[in-house]
Amino acid sequence: MENFEALKAQYQEELKSVNGKEELGAFWQKYLGKTGQIQDLMKKMKDVPKEEKPEYGKKVNEVRTWAQDLYQAKADEIKLQEEEKRYKAEAIDVTIPSEAKVGNLHPITLVKQEIIEIFAGMGFEIFEGPEIEDDDHNFTRLNVLKDHPARDMQDTFWLTEDLLLRTHTSPGQIRVMDKKKPPIKVLVPGRVFRSDSDATHSPMFSQMEGLVVDKNITLCDLQGMLDEFVKNIFSSDARTRLRPSYFPFTEPSVEVDVSCFECGGKGCPLCKGTGWIEVLGGGVVNNKVLENCNIDPNEYSGIAFGIGIERITMLKYGINHMGVLFENDVNFLKQFKA
Ligand code: PHE
């Protein structure tokens, strides 16, 4: 029994000098593990005289409980130390001035948002349709019938016999009129695709469709809204001019010019001396299109327009090659920081 005191003293002394998780594990093996010294005390029971066995057993249990308690306290202490070490190593000084580079929105996104804001101010809602369309929505129900030469106005990327990458946002008109009855006043922004590539054309570009359907809507409403649009996006004294044009889904159809905001209309290189710049296409929604969407043309009429977002962006910022809008050269893009 004196041995117990010696063992306890040794145990306590050794535990004090234990440092870190690994040493703690070794310590456990040495004393409390299956073949550890404290566990061994029980095995010695067989050598103890019979009458002392109960006393011996009780004592061993006491020592074991005492040893386990001490061990647990040490284990808790080590855990705390290691946590503290980790917290120190991972600490972040939130007072260090940040050198993070702040990005900015792409000019196309900026212009798209600006256009949306202008038309939202006139009461337009936003609708978005799919980039993969079917023939029906992209062409047929827009009155671009099969074998009609107007199909060649847009070089289409066909995916299957029936599916294609939408060539314009006009299928959004059909999707809106299928879902909603007049009064309708929506903007449909989106990416569109055509097999076409040069300084002013890219196989992927962005459009913003506008559609208004209600009672007594006329071409005058179209010009009024577009006048408001060009004044906001280009310059407060900008005006629009309508020229006759052709689209199968509008009748009459117009090409819309804006008075040159660079020279005020006197003539300059931007407007090629004419004083006018072509900006978008539009017109009065063709009765056939209304009928294709179960809207009675005797009761309702509509106007529609399609804005090329890259074109507006290039005009607004004096960009003469469309490629820079897609190259993502950071030196070019960071000029658009608000
Ligand atoms: N969808 C036509 C185009 O991409 C533009 C347009 C839209 C014309 C709406 C009239 C009405 O060329």
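Residues numbered from 1 in each chain as written. Predicted model: local features only at pLDDT ≥ 70, side-chain atom pairs only at ≥ 80, totals over all residues. Heavy atoms only, no water.

Draft legend 1. Layout of the pattern of salt bridges. As enumerated under the stated definition, the model contains 15 salt bridges in all. The residue E90 makes a salt bridge to R86 at a minimum N-O spacing of 3.5 Å. Of this pair, E90 and R86 are both found in helix α4 (residues 53-90), four residues apart, which corresponds to roughly one turn of the helix. Residue R86 is classed as partly exposed on the basis of its relative accessible area of 47%. Put simply, R175 and E133 hold a salt bridge, and the shortest N to O gap is 2.7 Å. One end of the pair, R175, is in helix α7 (residues 171-179); the other, E133, is in strand β2 (residues 132-134), with 42 residues separating them in the sequence. (Salt bridge = Lys/Arg side-chain N within 4 Å of Asp/Glu carboxyl O. Helix = DSSP H or I, 4+ residues; strand = E, 2+ residues; numbered from the N terminus. Buried < 20%, exposed > 50% of the residue type's maximum accessible area, 1.4 Å probe, protein only.)

Draft legend 2. View of the site of the ligand. Around the ligand, a shell composed of 15 residues is seen, among which H168, S170, R194, Q207 and E209 lie nearest. In the model, a nitrogen atom of the ligand is placed 3.0 Å from a nitrogen or oxygen of the H168 side chain. One of the side-chain N or O atoms of R194 is found 2.8 Å from an oxygen atom in the ligand. For the ligand, the accessible surface in isolation is 330 Å², of which the surrounding protein chains cover 92%. (Near = heavy atom within 4 Å. Polar contact = N/O pair within 3.5 Å; in protein donor to acceptor, adjacent residues only side chain to side chain. Areas by Shrake-Rupley, 256 points an atom, 1.4 Å probe, with all protein chains shown as cover.)

Draft legend 3. Quick peek at the nonpolar core. I115, F119, F229, F305 and I307 are the most contacted members of the largest nonpolar core, which totals 44 residues. Looking at this core, the elements that each hand over two or more residues are α5 (107-120), β5 (204-214), α8 (219-233), β7 (250-259), β8 (276-285), β9 (301-308), α10 (309-317) and α12 (330-333). With sequence-adjacent residues up to four places away left out, F305 is seen in contact with F119, F124, L187, M208, E209, G210, L222, L226, L280, G281 and G282. Core analysis: the next-biggest nonpolar cluster, separate from the first, contains 23 residues, F139, I184, V186 and L211 among them. (Core = buried A, V, L, I, M, F, W, Y, C linked by side-chain atoms within 4.5 Å. Contact = heavy atoms within 4.5 Å.)

Draft legend 4. Broad picture of α10. Regarding α10, the residues found buried are I309, E310, I312, T313, M314 and L315. Contact partners of the buried residues in α10: α5, β5, α8, β8, β9 and α11 (324-327). Just past α10, the residue G318 takes up positive phi, approximately 65°.

Draft legend 5. Inspection of empty space enclosed by the protein at higher detail. Throughout the structure, instances matching the rule amount to one cavity of 30 Å³ or more. By volume, the largest cavity is sized at about 50 Å³. Every residue along the wall of the largest cavity is listed here: F139, V144, A150, M153, Q154, H168, F247, P248 and F249. (1 Å grid on protein atoms, 1.4 Å probe; cavity = no way out; pocket = protein on both sides within 12 Å on 5 of 7 lines; lining within 4 Å. Points joined across faces, edges and corners; volume = space filled by probe spheres on them.)

Draft legend 6. View of the sheet that holds strand β4 (residues 184-193). Strand order across the open sheet formed by seven strands is β1-β4-β5-β9-β8-β7-β6, with mixed pairing between neighbours. If you trace the sheet from one side to the other, it starts and ends with β1 (125-126) and β6 (240-247), each paired once. By the bridge criterion, eight bridges tie β7 to β8 in an arrangement that is antiparallel. Paired with V258 across the strands is I277, a residue of β8. (Pairing = 2+ DSSP bridges.)

Draft legend 7. Geometry of a negative patch on the surface. Where like charges cluster on the molecular surface, the negative patch consists of D152, D155, D196 and D198. One can find D196 in the loop between β4 and β5. For D196, a relative accessible area of 31% corresponds to the partly exposed category. (Patch = residues over 30% accessible without salt bridge, like charges linked within 9 Å, V, L, I, M, F, W, Y side chains within 5 Å. Lys, Arg positive; Asp, Glu negative; His and termini not counted. Charge placed at Lys NZ, Arg CZ, Asp CG, Glu CD.)

Draft legend 8. Representation of the side chain of E255 within the structure. Topologically, E255 is positioned in strand β7. No salt bridge is formed by the buried E255; the nearest opposite charge belongs to R243, separated by 5.4 Å. A polar contact of 3.1 Å, which involves the side chain of E255, links it to the side chain of S245. Setting aside chain neighbours within four positions, we find E255 in contact with R241, L242, R243, S245, F247, E278, L280 and G281.

Draft legend 9. Region of the structure containing the layout of surface pockets. Roughly 1200 Å³ of volume is contained in the largest pocket. Along its surface, the largest pocket is lined by 44 residues, and H201, E278, V279, G308 and R311 are the ones closest to its centre. Those elements that provide at least two residues to the lining of the largest pocket are β5, β7, β8, β9 and α10. When residues of the lining of the largest pocket are assigned to their parent elements, the largest contribution, seven residues, is made by β8. Considered class by class, the residues forming the lining of the largest pocket number 19 nonpolar, 17 polar and eight charged. The calculated volume of the second largest pocket comes to roughly 270 Å³. Around the second largest pocket, the lining comprises 18 residues; the ones closest to its centre are I108, K112, G190, R191 and S206. Among the secondary structure elements, those contributing two or more residues to the lining of the second largest pocket are α5, β4, β5, α10 and α11. Partitioning the lining of the second largest pocket into residue classes produces six nonpolar, six polar and six charged. (Nonpolar A, V, L, I, M, F, W, Y, C, P; charged D, E, K, R; others polar.)

Draft legend 10. Just unusual backbone geometry, in detail. Geometrically, the link from P182 to P183 is a cis peptide bond, its omega value of 5° lying close to zero. Here P183 lies in the loop between α7 and β4. Note that the residue after E251, namely P252, is joined by a cis bond; omega there is 0°. Structurally, the position occupied by P252 is in strand β7. Phi at K272 is positive, roughly 50°, even though this residue is not glycine. The residue K272 is located in the loop between β7 and β8 in this model. One non-glycine residue with positive phi stands out, namely N328, at about 60°. One can find N328 in the loop between α11 and α12. When its relative accessible area of 48% is taken as the criterion, N328 is described as partly exposed.

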